[in-house]
Amino acid sequence: MFKTLPGFREFYPEDCAKKNYIFKKWRAAARSFGFAEFEPPVLEQLELFTEKSGEEIKLQLFEFVDKGGRAVALRPEMTPSLARMVGAKAAGIRRPVKWFAIGENYRYERQQKGRLRAFYQFNADILGEDSVNADAEIIALLVESLRALGLGSGEFKLRLGDRTMWVLFLKNLGIADDRLIPVLSAIDKIAKVSADTFKDLLKEALGAASGNIEDISVKIGEFIKVSSIEQMAAAFGEFQSAEIADSVENRIADWRCLMGLLKSMGISDFISVDMGIVRGLAYYTGFVFEAFQIVGTGRALAGGGRYDALVKKLGYQDMPAVGFGMGDVTVSDLLDALNKGSSEDYSPDVYVVIAPGNQGLRERALAFISELRRMGFRCDYSFRDSSFGKQFKQADALGAKFAVIAGVDELAADSVKIKNLKTGDELLCAVCDLASKLSLMLSAQE
Ligand code: HAM
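Owing to the predicted nature of the structure, the values given are computational and were not obtained by experimental measurement.

Participant: Describe the site of the ligand, naming the residues involved and giving the relevant values.
Facilitator: In the vicinity of the ligand, 27 residues are found, and the nearest of them are Glu77, Thr79, Glu109, Asp125 and Tyr284. Here Gln121 contributes a side-chain N or O atom positioned 3.0 Å from an oxygen atom of the ligand. At a separation of 3.4 Å, an oxygen atom of the ligand approaches a polar backbone atom of Ala302. Sorting the residues of the shell around the ligand by element identifies strand 6 (118–127), strand 10 (300–306), strand 11 (321–327) and helix 13 (328–337) as the ones contributing at least two each. The biggest single contributor to the shell around the ligand is strand 10, with five residues. Taken together, the residues of the shell around the ligand break down into eleven nonpolar, ten polar and six charged.

Here is the structure:
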């Protein structure tokens, strides 16, 4: 007997119907914001991720050497591929680029609730726009994608942090430019480790220039608690240079602008300022955010931020970018826990019941069944020459809305009977009028 691999799911039809419902809502939300769908490859050159994604993801790659001797990896995320795709066509592409994708990603993680090794992600990104207008648009799409699934501000929140402000803060503490990214990834882990482990991580990140670890870790611990724009400048204490003071002032103006836009978009209730959000991926440069469920497990539903340097780092022109990824695992767990999940309805519009014992009738029925299917009706019938009772039972089991009865007498007069399986009402209908009649009856049911 074979089992599925740890962290991989198999989707039976009812699971697929649930997943597709979520995808439908995500797609509709992205389209309502004017985003176009794209699709990156599942397998990429290994270096695309080892160089561009950050330390944690490097350790989680599904990587191997293919038969041509190439070092390759299944994508753990879509952002580096997106940056390459946009970068490669940058000269001719209309800006801003507003693209979204839904696809499976692979990370060799320790399997736990909400974390699998294969998971779907909805990604939406804007490239070619550096103003906070783009950050606001992306944050609003993230929030609306969850709202479209019936989730409210009592169920999830988006915590908004800022790597730009963190960089200014760390510089103000005297931390050198080449140590900033390692220190930020240590800070990203602070909530998950003990105070002593954090100090060790910090020491490692600072390397030879570690200075007064105790003092630095206390100050970082205080800055993490900043939860309003007002607290930001105050948390810096004394500015080490006029340049830092000016940059902080400008950045606070960006914050005010962004919060103003989010308020006009009617989503302030979903947003909280939280300097504890720095994000684990190496490429983030500005505002960063994570959406968390605030009921149940409290897990992250989505994460993203600005990554203005990635396209250039891949060897293309400078292009600012901001985006997010939302996972299907935590989102569907949350919907299930709240009883808010739903499924795509794939039940047949019509089940054709064929009078048993007559091959001629089956052939005539197949002719109009095929015609109805070509017109887009969902149409099913039995392969067996079963009794009427059995066929009606099957129609019920499949959740068909109508039965069309192909009986001997009716078909002799080029007619069939349509039965509404909800109400039991029946009417006689000429075969040539069947499609139009069913259309009317189906739209009356919606
Ligand atoms: P991320 O924070 O690594 O960001 O992933 C985003 C979301 O994907 C998470 O919040 C979570 O819902 C889901 N996710 C991640 N790993 C797993 C896993 N092992 N099992 C289940 N769900 C998971 C990124 O991937 C960035 N590329 C997002 C982005 C797009 N930033 C800019 N544009």
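Participant: Give me the environment of Val278: which residues, what numbers.
Facilitator: Residue position: Val278 is located in the loop between strand 8 (271–273) and strand 9 (287–293). When its relative accessible area of 0% is taken as the criterion, Val278 is described as buried. Considering only alpha carbons, one finds Val278 and Glu290, twelve residues apart in sequence, at a separation of 9.3 Å. Once residues within four sequence positions are removed from consideration, Val278 is found in contact with Arg163, Trp166, Leu184, Ile187, Asp188 and Val288.

Participant: Talk me through the domain arrangement of the protein chain; I want residue IDs and the actual numbers.
Facilitator: Segmenting the protein chain into domains produces domain 1 (13–40 + 75–181 + 226–337) and domain 2 (350–445). Spacing between the C-alpha centres of domain 1 and domain 2 amounts to 50 Å.

Participant: Talk me through the pattern of salt bridges; I want residue IDs and the actual numbers.
Facilitator: In a structure, side chains of opposite charge can pair up when their charged atoms sit close to one another. Applying the stated criterion to the full structure yields 28 salt bridges. Notably, a salt bridge pairs Glu426 with Lys417, separated by 3.7 Å at the nearest N-O pair.

Participant: Tell me about the packing of aromatic side chains, and name the residues and values.
Facilitator: For the structure shown, the criterion picks out 21 aromatic pairs. Seen from their ring centres, Trp255 and Phe287 are 5.0 Å apart, and the 80° between their planes marks the pair as edge-to-face. Of this pair, Trp255 sits in helix 11 (residues 242–264) while Phe287 sits in strand 9; the two residues are 32 residues apart in sequence, bridging distant segments of the chain. Each member of the pair, Trp255 as well as Phe287, carries the same accessibility label: buried. An aromatic cluster is built from Phe11, Phe23, Trp26, Phe100, Tyr120, Phe122 and Phe324, whose rings are joined through pairwise contacts. Above the ring of Phe11, the side-chain terminus of Lys19 is found at 5.0 Å from the ring centroid. The lysine or arginine in question, Arg159, covers the ring of Phe292, its NZ or CZ lying 4.1 Å from the ring centre.

The rules behind these values
- Sequence order as written defines residue numbering, which begins from 1 separately in each chain.
- Note on the predicted model: pLDDT of at least 70 is required for a residue's local features to be given, and 80 or more for side-chain atom pairs to be given and counted; whole-chain, interface and lining totals, by contrast, use all residues.
- In computing side-chain properties, one takes all heavy atoms of the structure into account and sets aside hydrogens as well as water.
- Being near a molecule or strand, for a residue, means having at least one of its heavy atoms within 4 Å of it.
- Definition of a polar contact: a pair of N or O atoms within 3.5 Å, with one able to donate and the other able to accept a hydrogen when the atoms are protein atoms, and with sequence-neighbouring residues admitted only if both atoms are side-chain atoms.
- We count a stretch as a helix when DSSP gives it H or I for four or more residues in a row; a strand needs E for two or more, and each element gets its number in order from the N terminus.
- Each residue gets one of three labels, nonpolar for Ala, Val, Leu, Ile, Met, Phe, Trp, Tyr, Cys and Pro, charged for Asp, Glu, Lys and Arg, and polar for the others, Gly among them.
- With a 1.4 Å probe rolled over the protein chains alone, any residue whose accessible area is under 20% of its type maximum counts as buried; one over 50% counts as exposed, and the rest are partly exposed.
- Residue contacts are counted whenever heavy atoms from the two residues lie within 4.5 Å of one another.
- Note that domain bounds follow an automatic or database assignment of domains.
- We define a salt bridge as a contact between a side-chain nitrogen of Lys or Arg and a carboxyl oxygen of Asp or Glu at a distance within 4 Å.
- Centres within 6.5 Å make a pair out of two Phe, Tyr or Trp rings, where for Trp the six-membered ring is used; the pair is then stacked when the planes are under 30 degrees apart, edge-to-face when over 60, and tilted otherwise.
- For a ring to carry a charge above it, either NZ of a lysine or CZ of an arginine must fall within 6 Å of the ring centroid while also lying within 35 degrees of the normal to the ring plane.

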